[in-house]
Amino acid sequence: MTIRNLDALFAPRSIAIVDGHLLGDAALVLLKSNLARGGFSGPITTVEALRDGSVIAGKADLALVLSGREDAPEFIAALGKAGTRAAVFISRGFDEWPADALARTLDAARPYTMRIVGPGSLGVIAPHGGVNACLAARPAAKGDLAVVSRSAAVVNATLAWGAAHGVGFSAVVSLGREADVDIADLLDAFTQDHRTRAVLVHLETVAEPMKFVSAARACARAKPVIVIRTGASRDHRMIGETHSSRLATVDAVYDAVFARAGLLRVDSIDELFDAAETITRVKPSPSRQVAILANGRSLATLAADRLEALGGHLAAVSPPLSEALAAFARPGFATTGPLTLADDASAETHAVAIERLLDDAAVDAVIAIHAPNAFVPSRSIAQAIATLATARARRDGRRKPIVTAFLDESAETRAILQAARVPCHPTPEEAVASVMHLARHAIAQERLMATPPSLPKDFTPEPALARAIVADALAKGATWLSPIDVAAILTAYDVNVAPLTLAATPEAAAEAARPHLAAGGRVAVKIASPDIAFKSDVDGVRLGLSDEGEVEAAAAAMIARIKAAHPRMRVEGVIVMPMIERPAGIELILGIADDPVFGPVAVFGRGGTAVEVLADRALDLVPLDMNLARAMIAETRVARLLAGYRNRPPVDVEAVALTLVKLSQLVQDIPEIHELDLNPLVADCDGVIVLDARMKVAPLAARSCGRLGHPRLAIRPYPKEWEQETTLKDGRGVLVRPVRPEDQALYGDFFAHVTPEDLRLRFFAPIKEFSHAFLAKLTQLDYARAMAFAAIEKDTGGLLGVVRLHADPDHHTGEYAILLRSDLKGQGLGWYLMQRIIDYARADGIETIEGEILRENTTMIAMCEALGFDVRASAEEGVVTVRLAVG
């Protein structure tokens, strides 16, 4: 379940307190007092909790259960029978609940689809519904920040901060154990809640990765989500035998997950509150080019230094504005950097200077810093800024944020600015950090909405060949593939690998080296053993050998030495390969790690034998596209070397990114591949070549992924199995396939072939502009909850029509929409696309397809009737609702 019956938590019609005498009289008194203070208007009853649940009678939407694990199943069964739709277990010691007690409690709730929060919850607060069903120390004012936390202490701290800073809440949920209701459920609920403007999340672990990532991405597309994770100090290092797995620590993987989902991660409680204050008071904006003004040079410089350290940029104001600002600047100070005002600058001067900066096209945000002085009261400066912010918000919706730092920390000053929704911080550094939160959030949104290019058409992997190699190895009980098999699999996926030969004896090694040496090259000899993780650890590599005698002697010595030192390790011989001479090349590592929660994780960074010491790496979840691969590369320090320096030309970064995408596709196609290292992979201006590679395989373990999906991925990949060809009545061939992000480029020509009237019938309003954000929403699909099929003309590659289906979070109902080119009516394409999306809904377990159609769209209504849809009048005038039971 996801959002079913969650409304009973936030807008119950009635509440029952089930007192199991677990927490004592003081807790019961506090709970009743908080309920009364919350202003709940419905009936509240308190019942004595007996073991057989016999005294629990009458319907209560929400039950607050103060009971231990022994009585929980009986209470839940009785409550469910009486009509209760949600229960919160307010208790201590949730980690002490054994698995069987939790299972019996959930089994008791399941027949009634009753939702369970906890055990170990502090409670739930929904200020707009008058619900304060919580043992929190402070109440929550009405507002637009939703909070969900595993920790009761974090909830109490957040409520205290909100009270001190004038921040209100739309909902606050203390989750406890997350036996039923979890963070993903609440993210889905808050996505649909019009009262929630931003969401603050505290978590430690995620139990259902696909569900969490899907819900997080959906919520982050609609509103800012700020997340803090605790528990990194308790994380166990990832168990793995490749460099990639050792680099992919648990917390680093969570970092990659949050970034991929568009969440803004913070690392401390202070930073959490700073980010929340900023994002709840101003509209998130790019905020990359920041203007700073202060009534002190040192303060302005501190802020500018901090901005640069955090990766921000000081706005380069236009020359006309620079001249105009000279009238406000302290005499003798430049106006091209941070603007330093005079000590006695008036409130009006502050306001006019800020407004001039906001009006400049080069400025995304303004930080105003004020230190108290004897000349002008801080209160008057704050009032002038508040008045300006309010006026601009009415005029342009607060398009550019104003963030302040008032060093007097006056309650009066803060109250003035809070009333105008202007973030106020006590130091310049905190003000800068808050602006950078806005910038980071904007970058996360751009990453969510980015449109990746298509893969090269000549990338035609051979998954059947690779799959056969893996299957043969698993049948033999192998865990590590031989170097020859690894090279064959990589070659099947068009990854450039240095040629190699497995030589079982020193004599065979000399023979394998002969053609390379005859051509004037040198060779490398490496130990071949499935039991040796890192060859350099056992001195198992010899480089630059230039004659057959050297090769034979090096191989003989290496085999003898390692067998003697490590008698239990299997030695299959040595690998002989030519030395790859690329003097301008840079050694990199590309790989796949296996995270026990989120599945395959792509790894990129600086390669070589010191890869783990340098730890210069970036991670992301599989699947990857070219944009995501480029973003990974850009996150690392080695990216600056790849750009070229001095006499070294730039590396072919596109070839590196494409190799990452190829590895991503490889583990999608063959999920039995669990770990993979390409280290080193040498990259230069001519491309990439793999010098060494390891690959670990394992049989697939059972893992829930829904009726459709991938057995190991947290993000559902492109569902290639839904590609199908058809022929229109006029004979043209059409490929019908799931929509891909790169299809955005096809929509321009497509919409040019759709009449304004057909666009109005589809979108219920005239459409005059197709922005990037609008098109990205059409093409950036989360296949876990949405599907769209594009009809592509085979001869031209043009887009002919699209049908869409978006499932609700519970995955019971899907809403459809369809649009064809206006010149293709009567060709049977609309009927075919509708049949296709119905087939998909049936396969995905969606029970009902529904949609809304303008009454005047008689053609679409007739087709729906012919397909078996039930057609009824909608509550909205001029609209009909169509509904099909998929079955």
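No experiment lies behind these values; they were computed from the predicted model shown. (Residues numbered from 1 in each chain as written. Predicted model: local features only at pLDDT ≥ 70, side-chain atom pairs only at ≥ 80, totals over all residues. Heavy atoms only, no water.)

**Re the overall build of the protein chain**
- If you tally the helices and strands in the protein chain, you get 29 helices and 36 strands.
- Taken over C-alpha atoms, the radius of gyration comes to 31 Å for the protein chain, in line with the 29 Å a tight globule of 887 residues would show.
- Considered along the principal axes of its C-alpha atoms, the protein chain spans approximately 90 × 80 × 70 Å.
- Looking at the 887 residues of the protein chain, the share that counts as buried comes to 55%.
- Taking contacts inside the protein chain between residues at least 6 apart in sequence as the whole, the part at least 24 apart equals 73%. (Helix = DSSP H or I, 4+ residues; strand = E, 2+ residues; numbered from the N terminus. Rg over C-alpha atoms; globule rule 2.2 N^0.38 Å. Buried < 20%, exposed > 50% of the residue type's maximum accessible area, 1.4 Å probe, protein only. Contact = heavy atoms within 4.5 Å.)

**Structural notes on the nonpolar core**
- Leu64, Leu187 and Phe212 are the most contacted members of the largest nonpolar core, which totals 96 residues.
- The greatest single-element share of this core, amounting to 7 residues, is contributed by helix H9 (residues 250-260).
- Residue contacts for Leu187: discarding those within four places in its chain leaves Val199, Val201, Phe212, Ala215, Ala216, Cys219 and Val225. (Core = buried A, V, L, I, M, F, W, Y, C linked by side-chain atoms within 4.5 Å.)

**Side note on the packing of aromatic side chains**
- Counting across every chain of the model gives 16 aromatic pairs.
- When the centroid spacing of 4.8 Å and the interplanar angle of 10° are considered together, the rings of Trp161 and Phe273 count as stacked. One end of the pair, Trp161, is in helix H5 (residues 152-165); the other, Phe273, is in helix H10 (residues 269-281), with 112 residues separating them in the sequence. For the residue pair Trp161 and Phe273, the accessibility class agrees, reading buried in each case.
- Through a chain of ring-to-ring contacts, three or more aromatic side chains come together here, namely Tyr747, Phe750, Phe751, Phe763, Phe770 and Phe774.
- A cation over a ring is seen here: Arg229 above Tyr254, with NZ or CZ 4.3 Å from the ring centre.
- Here Arg836 stacks its cationic end above the ring of Phe789, 5.8 Å away from the centre of that ring. (Phe/Tyr/Trp six-rings, centres within 6.5 Å; stacked < 30°, edge-to-face > 60°. Lys NZ or Arg CZ within 6 Å of the ring centre and 35° of its normal.)

**Here we look at helix H4 (residues 99-109)**
- Three or more residues of H4 are buried, namely Ala101, Leu102, Thr105, Ala108 and Ala109. Projected onto a plane normal to the axis of H4, the buried residues spread over an arc of 125° and lie on a single side.
- Summarising the contacts, the buried residues of H4 are in contact with helix H3 (72-82), strand E4 (86-90) and strand E5 (115-121). (Arc of directions from axis to C-beta.)

**Quick look at the pattern of salt bridges**
- For the structure on display, the rule yields 53 salt bridges.
- Here Asp594 ties to Arg712 by a salt bridge, and the two come within 2.5 Å at their closest N and O atoms. With Asp594 in strand E23 (residues 586-595) and Arg712 in the loop between strand E28 (693-697) and strand E29 (724-727), this residue pair connects regions lying 118 residues apart in the sequence.
- Arg712 sits in the buried class, given a relative accessible area of 6%. (Salt bridge = Lys/Arg side-chain N within 4 Å of Asp/Glu carboxyl O.)

**Notes on the sheet that holds strand E20 (residues 523-528)**
- The strand order E19-E22-E20-E21 describes an open sheet built from 4 strands, whose pairing is antiparallel. Looking at strand neighbours, the two that pair on one side only are strand E19 (501-503) and strand E21 (541-545), the edges of this open sheet. Across the sheet, the mean angle separating the axes of adjacent strands is 25° when strand polarity is ignored.
- Where helix H19 (residues 506-518) meets the sheet, it contacts E19, E20, E21 and strand E22 (573-578), and its direction lies at approximately 0° from that of E22. (Pairing = 2+ DSSP bridges. Axes fitted to C-alpha atoms, helices over the stretch in contact; angles between N-to-C directions.)

**Points about the pairing of strand E3 (residues 62-66)**
- Counting buried positions along E3 gives 5 out of 5 residues, so the element sits mostly inside the fold.
- Alternating positions in E3 separate into two faces, Leu62, Leu64 and Leu66 on one and Ala63 and Val65 on the other, with burial throughout.
- Of the strand pairs in this sheet, E3 and E4 are connected by 4 bridges, and their pairing is parallel. Within E4, the position partnered with Leu62 by the bridge is Ala86.
- With respect to chirality, the unit in which E3 leads through H3 into the neighbouring parallel E4 is right-handed. (Right-handed = clockwise from strand over helix to strand, strands pointing away.)

**Thoughts on the environment of Ile673**
- By secondary structure assignment, the location of Ile673 is in strand E26 (residues 673-684).
- Between the alpha carbons of Ile673 and Ala361 there is a distance of 51 Å; along the sequence they are 312 residues apart.
- If sequence neighbours within four positions are ignored, Ile673 has contacts with Val470, Leu666, Val667, Met695, Lys696, Val697 and Arg712.

**Remarks on the pairing of E29**
- As judged from the 4 bridges shared by E29 and strand E30 (residues 733-738), these two strands associate in the antiparallel manner. Note that in E30 the partner of Glu725 across the bridge is Leu735.
- Connecting the antiparallel pair E29 and E30 is a turn made up of 5 residues, with Gly731 showing a positive phi of about 95°.

**Some points on the confidence of the model for the protein chain**
- Across the protein chain, the average pLDDT comes to 90, with 96% of residues at 70 or higher.
- Here helix H27 (residues 772-779) stands out as the element of the protein chain with the lowest mean pLDDT, 83, in contrast to strand E6 (residues 123-126), whose mean of 98 is the highest. (pLDDT = per-residue confidence, 0-100.)

**Some remarks on the sheet that holds strand E12 (residues 264-266)**
- Here 7 strands make up an open sheet; going across it, the order is E7-E6-E9-E8-E10-E11-E12 and the pairing mixed. Here the strands that pair on one side only, and so sit at the sheet edges, are strand E7 (131-134) and E12. The sheet shows a mean angle of 20° between the axes of neighbouring strands, direction not considered.
- Of the pairings in the sheet, the one linking strand E8 (residues 142-149) to strand E9 (residues 169-174) comprises 6 bridges and is parallel in character.

**So, the packing of helix H14 (residues 378-396) against helix H15 (residues 411-419)**
- One way to put it is that H14 packs onto H15 with a least axis distance of 9 Å and a crossing angle of 5°. Accordingly, the angle class assigned to the pair H14 and H15 is roughly parallel. On H15, the residues touching Ser378, Arg379, Ala382, Gln383, Ile385 and Ala386 of H14 are Glu412, Thr413, Ile416 and Leu417.
- For the contact of H14 with H15, the per-class residue count stands at 5 nonpolar, 3 polar and 2 charged. (Parallel < 35°, antiparallel > 145°, perpendicular 65-115°, else oblique. Nonpolar A, V, L, I, M, F, W, Y, C, P; charged D, E, K, R; others polar.)

**Looking at unusual backbone geometry**
- Each neighbour pair has its own omega, and for Gly118 with Pro119 the value is 0°, a cis peptide bond.
- Looking at where Pro119 falls in the secondary structure, it is placed in strand E5.
- With an omega dihedral of 5°, the bond running from Asn679 to Pro680 counts as a cis peptide bond.
- Within the element layout of this structure, Pro680 appears in strand E26.
- A positive phi angle is found at Asp494, which is not glycine, with a value near 60°.

**Remarks on the packing of helix H17 (residues 463-475) against helix H18 (residues 483-492)**
- Across the interface, H17 lies against H18 with an axial gap of 8 Å and an inter-helix angle of 160°. Judged on the interaxial angle alone, H18 and H17 are roughly antiparallel. In the packing of H17 onto H18, the handedness of the crossing is left-handed. On H18, the residues that touch Leu465, Ala466, Ile469 and Val470 of H17 are Asp485, Ala488, Ile489 and Ala492. (Left-handed = near helix turned anticlockwise from the far one by under 90°.)

**Quick word on the environment of Thr727**
- Note that Thr727 resides in strand E29.
- Through-space distance from the C-alpha of Thr727 to that of Ser287 is 50 Å; in sequence the pair is 440 residues apart.

**Side note on H18**
- Three or more residues of H18 are buried, namely Val486, Ala487, Ile489, Leu490 and Ala492.
- Looking at the buried positions of H18, the neighbouring elements they touch are H17, helix H24 (653-669), E26 and E28.
- Asp494 sits one or two positions beyond H18 and adopts a positive phi of about 60°.

**Brief notes about the side chain of His710**
- Relative to the helices and strands, His710 is located in the loop between E28 and E29.
- Of the polar contacts made by the side chain of His710, one reaches the backbone nitrogen of Arg712; its length is 3.0 Å.
- A polar side-chain atom of His710 sits 3.5 Å from the main-chain amide nitrogen of Leu713. (Polar contact = N/O pair within 3.5 Å; in protein donor to acceptor, adjacent residues only side chain to side chain.)

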